[in-house]
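What the coordinates show
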Amino acid sequence: MSWVSLFLAGLSSRAPSLLLVVMVSRDVGLRVGLGGVQTSMCSRWGSRVEEFNQGQDGDVVIGGLFNLHYQPPVIDQEFIRPPFYNPCTGLQVETLKAAYAMEFAVEEINRNPLILPGVKLNYRILDCCARHPWVLQGAFSLVGGESESWGPSVPVIIGGASSTTAIILSRTLAPLSVPVISYLASCPCLSDRHQFPNFFRTIPSDVYQAKTMAHLAMLFHWTWIGAVFANNDYGRLAIQTFQEEIEGTGAYVGELFLELAKRNVTNRQFLANEDSSPRNNSTACSSPYSITGKELLKHLNKVNFTTPHGEEFFFQGADIPAAYDLWTTGSSQVPISVCTESCPPGTRIANRKGEPVCCFDCIPCTDGEVSNDTGSHQCRRCPIEFWSNQVHTACIPRKVDFLSFNETMGIVLTAAAVSGAAVTSAVFVVFLHHRNTPVVRANNSELSFLLLLSLKLCFLCSLVFIGRPSMWSCRLQQAAFGISFVLCVSCLQVKTIVVLAAFRSAQPGAGGLMKWFGAGQQRGSVCFFTSIQVIICTIWLSLSPPIPHRDLGFQGSKVNLECAMSSVVGFAVVLGYIGFLACLCLILAFLARKLPDNFNEAKFITFSMLIFCAVWVAFIPAYISSPGKYSVAVEVFAILASSYGLLLCIFAPKCFIILLRPERNTKKHLMGK
């Protein structure tokens, strides 16, 4: 083991504060224990710099350059005589502590025979008072051994209390291969091994500290940062490095020139550098008594070991691995430093105009869009078959929506349809029980029973429109609707024709007219009109029937399941034929409304057809403009409204006479006029 590595190991194990000057507590008082400590004024240029302590004779002497006194004000030199400087006054306590630490480490190494057996160290510390000329004078005195009073030359110098001083020493002593080890010079420029091959330091470069602070800010997601830095090259380089590291993270750095003590700033985070010192090495020098600076420089570049605390130590060129402590106020909670809290899932970032990028608003995603990450800049639209949940954090399958029996609208329509069918059945029973009375027998009772049957089918066919659409229900609902209503209107059409024929036959020369409108002809006419609709529906449903279809075009949380009209022409022909028969029946009934009779059924047919036509004329625009299941509800409502209109207008007057005014249910009363 070389004396160099053992000395460095002794420094770290016996005197850990030697090179960690910045970490020494400030409450240590000034001690006077070293012989030869000078507290008088520094000598002027041209005189020997003052020696701190020479100690005992040793085999190897280590040089030290410290700024033990305050630096006086600068005097402008006239360059017509030797330079003149004001003397330094007063001791610098922190620097004095570093000198004590160096002396203590040397004595501890000499005291322990296991560290450097057979080799005795000595030190020589000079006060250069932070004057660059005195720094050079002291360095040459230590390296060259100026006279017999100074002793032998030193192979290494511990000094360079500032980066400027370290640069001067390194460039001056590099040709002599004398290593310079600094404990305070932190300029990043000193890491350049081409310019400073003999420089080493036990304090991390300022670049590492700025990068570490940037990584700390990114780790804690700080985006609103105030930087306090010195307004010089050091401070500007540090803030520039910090900003380069956090570039692209969305953080904003504000340059704040604050006096923290005056403003009583508390609860803030501060970083302190933790310097390390070599503790072990396995390399050896040729002779501990004739060590040279060049030989020492070679071994310093190869230092690599693990400390007793498990930390790996080595020089990366001039630097050591950087390590920092986070000094807090004792709180275990990570501090928050943001202008705006990160936008939660379900929202997106909207930058504020004219403000830093870290200041923004959180805008909720619109319906159908989601963001499932914190701090999203954009909301993502859900696929066509999905929709956003209530908090807009995930896309969920859209619910299938149709007119069902379980919802309120479906229940109301179902109740109306069932009630209509029940009332129609009750009327059928009443007519069947009084089938031999004049009111029932008037105008062909067989057509009345057939009309009641068709009305019941109209009420019941509306139920096919309610429920989940299927292939068969889509076909059945339109066919049942079209055929039932044609059957109903055909019965009314024939009834109206019979009324007209009956009164025309009473006129002279028209006695044979009724033979063309007997019971057989009436049934045949109804079957003929209805068969045409059956043929239309058969052709339509065979060629292009309605099919169940999921309507994804409507943007919402639900998918409309409906019976899509593959052929609008077929549906239009079905409705058109019903409308044609209804209009023809209305015209004939209108012509027969004033014919003489106490119970002229034509006027009731006229009124019922007016209601029927009004309902279906209003149906068309309402059906086209209604979305999804509401278009189905409109069609069901039109079916029920027109069916109730026919039932009430045609059969309510007859039931009133049969049940409440039986005295009018006579042939004499009916033929009174």
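Residues numbered from 1 in each chain as written. Predicted model: local features only at pLDDT ≥ 70, side-chain atom pairs only at ≥ 80, totals over all residues. Heavy atoms only, no water.

The next thing to look at is the overall build of the chain. Counting its regular elements, the chain contains 17 helices and 21 strands. Out of the 673 residues belonging to the chain, those deemed buried represent 45%. Expressed as a percentage of contacts within the chain between residues at least 6 apart in sequence, the contacts between residues at least 24 apart total 69%. Of the roughly 33700 Å² that the chain leaves accessible, carbon and sulfur atoms contribute 60%. (Helix = DSSP H or I, 4+ residues; strand = E, 2+ residues; numbered from the N terminus. Buried < 20%, exposed > 50% of the residue type's maximum accessible area, 1.4 Å probe, protein only. Contact = heavy atoms within 4.5 Å. Areas by Shrake-Rupley, 256 points an atom, 1.4 Å probe, with all protein chains shown as cover.)

The next subject is the sheet that holds strand 21 (residues 558-564). The mixed open sheet is built from three strands, whose spatial order is 19-21-20. Each end of this open sheet is capped by a strand with a single partner; those strands are strand 19 (399-401) and strand 20 (547-551). Direction aside, the axes of adjacent strands within the sheet are offset by 30° on average. Of the strand pairs in this sheet, strand 19 and strand 21 are connected by three bridges, and their pairing is parallel. Bridging across to strand 21, Lys 399 finds its partner in Lys 558. (Pairing = 2+ DSSP bridges. Axes fitted to C-alpha atoms, helices over the stretch in contact; angles between N-to-C directions.)

The next subject is the packing of helix 15 (residues 601-625) against helix 16 (residues 629-659). Where helix 15 contacts helix 16, the axes come no closer than 9 Å and their chain directions differ by 175°. Looking at the two axes, helix 15 sits roughly antiparallel to helix 16. Partitioned by chemical class, the residues of the contact of helix 15 with helix 16 number 19 nonpolar, four polar and three charged. (Parallel < 35°, antiparallel > 145°, perpendicular 65-115°, else oblique. Nonpolar A, V, L, I, M, F, W, Y, C, P; charged D, E, K, R; others polar.)

What follows is about the packing of aromatic side chains. Evaluation of the coordinates by the stated rule reveals 16 aromatic pairs. On the basis of an interplanar angle of 75° and a centroid distance of 5.4 Å, the ring pair of Phe 431 and Phe 651 is categorised as edge-to-face. Taken together, the residues Phe 431 in helix 9 (residues 408-433) and Phe 651 in helix 16 connect sequence positions 220 residues apart. Pair check on accessibility: Phe 431 and Phe 651 agree, each one buried. Here the aromatic residues Phe 481, Phe 485, Trp 540, Phe 571, Phe 612, Trp 616, Phe 619 and Tyr 623 are joined through ring pairs into a cluster of three or more. Directly above the aromatic system of Phe 200 lies the positively charged group of Arg 193, at a separation of 4.9 Å from the ring centroid. For the cation-ring pair, Arg 475 lies above Trp 472, with the distance from its terminal atom to the ring centre recorded as 5.6 Å. (Phe/Tyr/Trp six-rings, centres within 6.5 Å; stacked < 30°, edge-to-face > 60°. Lys NZ or Arg CZ within 6 Å of the ring centre and 35° of its normal.)

If you look at the biggest cluster of nonpolar residues, it comprises 67 residues, and the most contacted ones within it are Phe 431, Met 609, Phe 612, Trp 616 and Phe 651. Among the elements that line this core, the one with the most residues is helix 16, at 14 residues. With residues near it in sequence (within four places) discarded, Phe 612 still touches Phe 485, Val 489, Ile 578, Ala 582, Ser 642 and Leu 646. One finds Val 60, Ile 158, Ile 291 and Phe 305 within the second-largest nonpolar core, a separate group that totals 32 residues. (Core = buried A, V, L, I, M, F, W, Y, C linked by side-chain atoms within 4.5 Å.)

Right, let's talk about the side chain of Lys 629 for a bit. Among the structural elements, Lys 629 can be located in helix 16. The class of Lys 629 is buried, set by a relative accessible area of 10%. Looking at Lys 629, its side chain comes within polar contact range of the side chain of Glu 407, at 2.8 Å. Every residue in contact with Lys 629, bar those within four places of it in the chain, is listed here: Asp 401, Phe 402, Leu 403, Glu 407, Met 409 and Asn 560. (Polar contact = N/O pair within 3.5 Å; in protein donor to acceptor, adjacent residues only side chain to side chain.)

What follows is about the confidence of the model for the chain. This prediction gives the chain a mean pLDDT of 78; 78% of its residues lie at or above 70. The secondary structure element of the chain with the lowest average pLDDT is helix 1 (residues 3-14), at 42, and the one with the highest is helix 9, at 93. Predicted confidence for residues 1-48 stays below pLDDT 50, and this span has 135 contacts to residues more than four positions away or in other chains. Segment residues 271-284: pLDDT under 50, and 61 contacts once partners within four positions in sequence are set aside and those in other chains are kept. (pLDDT = per-residue confidence, 0-100.)

So, on to the layout of surface pockets. The volume enclosed by the second largest pocket comes to roughly 520 Å³. For the second largest pocket, the lining is made up of 27 residues, of which His 221, Thr 223, Thr 249, Ser 342 and Phe 360 are closest to its centre. For the lining of the second largest pocket, the secondary structure elements donating two or more residues are helix 5 (206-219) and strand 13 (347-351). In terms of residue class, the lining of the second largest pocket is built from 14 nonpolar, 12 polar and one charged. (1 Å grid on protein atoms, 1.4 Å probe; cavity = no way out; pocket = protein on both sides within 12 Å on 5 of 7 lines; lining within 4 Å. Points joined across faces, edges and corners; volume = space filled by probe spheres on them.)

Looking now at the side chain of Asp 127. Turning to its location among the elements, Asp 127 is positioned in strand 3 (residues 121-127). Reaching out from Asp 127, the side chain makes a polar contact with the backbone nitrogen of Leu 68 at a distance of 2.9 Å. At 3.0 Å, the side chain of Asp 127 and the backbone nitrogen of Cys 129 are in polar contact.

For the rest of this paragraph, the subject is the pattern of salt bridges. One pass over the structure, following the stated rule, counts nine salt bridges. Of the charged contacts, one joins Arg 111 and Glu 108 as a salt bridge, the two residues approaching to 2.2 Å between their closest N and O atoms. With Arg 111 and Glu 108 both in helix 2 (residues 93-111) and three residues apart, the pair spans about one turn of that helix. On the basis of relative accessible area, Glu 108 is assigned to the buried category, the value being 16%. Between Asp 401 and Lys 629 there is a salt bridge, and its shortest N-O distance comes to 3.4 Å. Placement of Asp 401 in strand 19 and of Lys 629 in helix 16 is noted, with a sequence separation of 228 residues between them. Note on Asp 401: relative accessible area 12%, which makes it buried. Among the charged side chains, a salt-bridge network with shared partners connects Arg 352, Glu 355 and Asp 361. (Salt bridge = Lys/Arg side-chain N within 4 Å of Asp/Glu carboxyl O.)

This structure, assessed with the given rule, holds five disulfides. For Cys 339, the disulfide goes to Cys 359, at an S-S distance of 2.0 Å. Because the sign of the S-S torsion sets the handedness, a value of about 110° for the bond joining Cys 339 and Cys 359 places this disulfide among the right-handed ones. Placement of Cys 339 in the loop between strand 12 (324-327) and strand 13 and of Cys 359 in the loop between strand 13 and strand 14 (360-364) is noted, with a sequence separation of 20 residues between them. Judged by its relative accessible area of 2%, Cys 359 falls in the buried class. With a sulfur-sulfur separation of 1.9 Å, Cys 474 is cross-linked through a disulfide to Cys 563. Disulfide Cys 474-Cys 563: the torsion about the S-S bond is -80°, which places it as left-handed. In this pair, Cys 474 is assigned in helix 12 (residues 471-505) and Cys 563 in strand 21, connecting sequence segments 89 residues apart. The two residues Cys 474 and Cys 563 agree in class, both being buried. (Disulfide = S-S within 2.5 Å.)

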